[in-house]
Amino acid sequence: MTALNRVPSLMVRAGTASALTLAAVGGSIVAPGLASEAAAATPGSKALKVAASKKGSPYKWGAVGPHRFDCSGLTLYSYKKAGKKLPRTAAQQYNKTKHISAGNRKAGDLVFFHSGSNVYHVGIYAGKGKIWHAPKTGDVVRLQKIWTKSVWYGRVS
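My aim in this report is to walk through the structure given alongside it, one point at a time. Bear in mind that the values here come from a model prediction, so they are computed numbers and not experimental data.

Rules of the game
Residues numbered from 1 in each chain as written. Predicted model: local features only at pLDDT ≥ 70, side-chain atom pairs only at ≥ 80, totals over all residues. Heavy atoms only, no water. Pairing = 2+ DSSP bridges. Helix = DSSP H or I, 4+ residues; strand = E, 2+ residues; numbered from the N terminus. Axes fitted to C-alpha atoms, helices over the stretch in contact; angles between N-to-C directions. Contact = heavy atoms within 4.5 Å. Buried < 20%, exposed > 50% of the residue type's maximum accessible area, 1.4 Å probe, protein only. Core = buried A, V, L, I, M, F, W, Y, C linked by side-chain atoms within 4.5 Å. Polar contact = N/O pair within 3.5 Å; in protein donor to acceptor, adjacent residues only side chain to side chain.

With respect to the sheet that holds strand 4 (residues 130-133)
Line of reasoning, step 1. The six strands are arranged 1-6-2-3-4-5 in an open sheet whose pairing can be described as antiparallel. Both edges of this open sheet fall to strand 1 (98-100) and strand 5 (142-145), since each of them pairs with a single strand only. Geometrically, the sheet is characterised by an average inter-axis angle of 45 degrees between neighbouring strands, direction not taken into account.
Line of reasoning, step 2. Here strand 2 (residues 110-115) pairs with strand 6 (residues 151-155) via four bridges, running antiparallel. The partner of F113 across the bridge, within strand 6, is V151.
Line of reasoning, step 3. Sitting on the sheet, helix 4 (residues 43-53) touches strand 3 (118-127) and strand 4, and the angle it makes with strand 3 is about 100 degrees.

Here it is, written out as structure tokens:
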């Protein structure tokens, strides 16, 4: 090992290496608590991006993409592109997810709309109380504020 190689490692151990010194010798700095973009890309965040990319696609009952969707078809398609398999219907998808509280929801989680114990609609949580979803016949895939408190949340694992 040359002296040049030893100096940065000694400086790093001492906590005095500058970013320029580390860059000059091919080192890297990682801030605590921060992950690289690649490491931070979860299936949920990938699925969310896929759903957003389908903005404006027409609703069609029973459609699973790539150009037309119903609600569960959009979630199925988005998660498939993110490397995860979901069943076909909103109710089946609810039964396949890890159920989480509203306080623990994250962007990319699924939002299930229900009446009593019947799940009738699903979308992908986008944060700030909004979802990407395929609403109904005559509408298109879009971002919309969650309009009711009758929702459950599920995480795809």
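Thoughts on unusual backbone geometry
Line of reasoning, step 1. Backbone torsion omega between G65 and P66 reads 5 degrees, so that peptide bond is classified as cis.
Line of reasoning, step 2. Within the fold, P66 resides in the loop between helix 4 and helix 5 (71-81).
Line of reasoning, step 3. With a phi angle near 55 degrees, K128 is a residue other than glycine that sits in the positive phi range.
Line of reasoning, step 4. Turning to its location among the elements, K128 is positioned in the loop between strand 3 and strand 4.
Line of reasoning, step 5. Residue class for K128 comes out exposed when judged on its relative accessible area of 82%.

Digging into helix 5
Line of reasoning, step 1. Counting buried positions along helix 5 yields nine of 11 residues, so the element is predominantly enclosed.
Line of reasoning, step 2. Taken together, the buried positions of helix 5 are C71, S72, G73, L74, T75, L76, Y77, S78 and Y79.
Line of reasoning, step 3. G83 sits one or two positions beyond helix 5 and adopts a positive phi of about 90 degrees.

Describing the nonpolar core
Line of reasoning, step 1. One finds F69, Y79, L110, F112, V122, I124 and V141 to be the most contacted residues of the largest nonpolar core, which totals 23 residues.
Line of reasoning, step 2. Counting residues per element, the ones that place at least two in this core are helix 4, helix 5, helix 6 (90-96), strand 2 and strand 3.
Line of reasoning, step 3. The contacts of V122, once residues within four sequence positions are left out, are C71, S72, T75, A90, Q93, L110, V111, F112, F113 and H133.

Remarks on the side chain of D109
Line of reasoning, step 1. With respect to the helices and strands, D109 occurs in the loop between strand 1 and strand 2.
Line of reasoning, step 2. Accessibility expressed as a relative area gives 3% for D109, which makes it buried.
Line of reasoning, step 3. Engagement of the side chain of D109 in a polar contact is seen with the backbone nitrogen of K106, the distance being 2.7 Å.
Line of reasoning, step 4. Within the structure, the side chain of D109 is placed 2.8 Å from the side chain of R155, a separation counted as a polar contact.
Line of reasoning, step 5. If near-sequence neighbours (up to four positions away) are discounted, D109 is found in contact with Y79, I100, N104, G123, I124, Y125, G154 and R155.

Geometric descriptors of this kind do not, in isolation, establish any biological role.
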